[in-house]
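Fold and contact review
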Amino acid sequence: MAESVTIDRRFNGPPDSAQGGYACGLLASRIESASAGVSLRAPPPLETPLEVRRDEDGAVALYRGEALIADGAPAELDLDVPEPISLDVAEEASRDFLWRERHPFPTCFGCGPARAPEEAIAVLPGPVGGRDLVAATWTPLDEFAGPDGVVTPLFVWAALDCPTSFGALTPGAPTHVLARLDAKLIAPVRASEPHTVIAWPVARDGRKAFGGAAIHDADGTLCAISRGLWIQVREPSAVGARR
């Protein structure tokens, strides 16, 4: 029997499509690998039944009718991760979130300044003095976790998305949308416990910008990493995709 999923409006990125990390996480959580890559082929619609299709090789895809929305598969991810920072440093950095007044999608589930941490991920990373990093703290909600208190892959992926854009881009940059997210889950992320989220630039190639992100627990243990590929939108009318 075909599997169907529907993305609630709560999990938006832009107003009318899903937050990219959440959409990617829907597929990644169905891939039997701790390390995977998911490509977004079209804006993931909200409140619309979508079909999950699986291949024998472990790949998973999301369709709206016969239109491909996203596809993913196991994929290795190797990143040079910067040294972790303390919770105090991350908290201080977040107070200087540079996109607070110029965010293109202020209601984004992952990083919108109009969202609250009591109902969203709401990670707002700011610059870390003396380092080529942005950082914030994140205390995952209990509802993001399973019975064991460990945050599910779906919400870890959602948290690993937006920071890669702030690592890759600077305020005033043209609007970009997430095209691909690769992530690797390494150690448990626990609900109701504070973590740091750091992000940094990886590479730039024309309209493509790559950013890295990592989640550490309060002791500095590396829990998860990601690399986001962000594509510059050619025309304002093309916006409507995903963050």
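Residues numbered from 1 in each chain as written. Predicted model: local features only at pLDDT ≥ 70, side-chain atom pairs only at ≥ 80, totals over all residues. Heavy atoms only, no water.

Its boundaries defined by the atoms lining it, the largest pocket holds a volume of some 200 Å³. Looking at the largest pocket, it is lined by 13 residues, and the ones nearest its centre are Ser94, Pro117, Ala122, Leu124 and Thr137. Among the residues forming the lining of the largest pocket, the class breakdown is seven nonpolar, three polar and three charged. As for the second largest pocket, its lining consists of 15 residues, of which Leu98, Val134, Phe166, Leu169 and Thr170 are closest to the centre. Only helix H3 (153-168) and strand E9 (195-205) provide two or more residues apiece to the lining of the second largest pocket. (1 Å grid on protein atoms, 1.4 Å probe; cavity = no way out; pocket = protein on both sides within 12 Å on 5 of 7 lines; lining within 4 Å. Points joined across faces, edges and corners; volume = space filled by probe spheres on them. Nonpolar A, V, L, I, M, F, W, Y, C, P; charged D, E, K, R; others polar. Helix = DSSP H or I, 4+ residues; strand = E, 2+ residues; numbered from the N terminus.)

Spatially, eleven strands are ordered E1-E3-E4-E5-E2-E8-E11-E10-E9-E7-E6 in an open sheet, and the strand pairing comes out antiparallel. Both outer strands of the open sheet, strand E1 (3-5) and strand E6 (126-127), are each paired with one neighbouring strand and no more. Pairing of E1 with strand E3 (residues 50-54) involves three bridges; the strand directions are antiparallel. Directly across from Glu3, in E3, lies its bridge partner Val52. (Pairing = 2+ DSSP bridges.)

This paragraph deals with the pattern of salt bridges. Within the structure shown, the criterion is met by eleven salt bridges. We note a salt bridge from Arg9 to Glu47, for which the minimum N-O separation is 3.8 Å. Of this pair, Arg9 sits in the loop between E1 and helix H1 (20-28) while Glu47 sits in the loop between strand E2 (35-40) and E3, and the two are 38 residues apart along the sequence. Residue classification places Arg9 among the partly exposed residues on the basis of a relative accessible area of 38%. The partly exposed category is assigned to Glu47, whose relative accessible area is 47%. Of the charged contacts, one joins Glu66 and Arg53 as a salt bridge, the two residues approaching to 2.9 Å between their closest N and O atoms. Highlighted residues: Glu66 in the loop between strand E4 (60-64) and strand E5 (67-74) and Arg53 in strand E3, separated in sequence by 13 residues. Through salt bridges with shared partners, one network takes in Glu3, Arg30 and Arg54. (Salt bridge = Lys/Arg side-chain N within 4 Å of Asp/Glu carboxyl O. Buried < 20%, exposed > 50% of the residue type's maximum accessible area, 1.4 Å probe, protein only.)

A few words on H3. If you check H3, its first and last C-alpha atoms are 23 Å apart, about what 16 residues at 1.5 Å a residue would give, namely 22 Å. Taking burial as the measure, the 16 residues of H3 include 14 buried ones, the bulk of the element. (Expected span 1.5 Å × (residues − 1).)

Our focus in this paragraph is the packing of aromatic side chains. Inspection of the entire model under this criterion finds ten aromatic pairs. An angle of 85° between the planes, with centres 5.2 Å apart, marks the rings of Phe97 and Phe166 as edge-to-face. Of this pair, Phe97 sits in the loop between helix H2 (87-94) and E6 while Phe166 sits in helix H3, and the two are 69 residues apart along the sequence. Phe166 matches Phe97 in its accessibility class, with the two residues each being buried. The rings of Phe11, Tyr22, Phe109, Phe144 and Phe155 are connected pair by pair, giving a single aromatic cluster. The residue whose ring lies beneath Arg53 is Tyr63, and the NZ or CZ to ring-centre distance is 3.9 Å. (Phe/Tyr/Trp six-rings, centres within 6.5 Å; stacked < 30°, edge-to-face > 60°. Lys NZ or Arg CZ within 6 Å of the ring centre and 35° of its normal.)

The next thing to look at is H2. Restricting attention to buried positions, one finds in H2 the residues Ala90, Ala93 and Ser94. Take H2 and look down its axis: the buried residues cluster within an arc of 100°, on one side only. Exposed residues pointing more than 90 degrees away from the buried face of H2 are listed as Asp88 and Glu92. On its buried face, H2 sits against E6, strand E7 (134-138) and E9. (Arc of directions from axis to C-beta. Contact = heavy atoms within 4.5 Å.)

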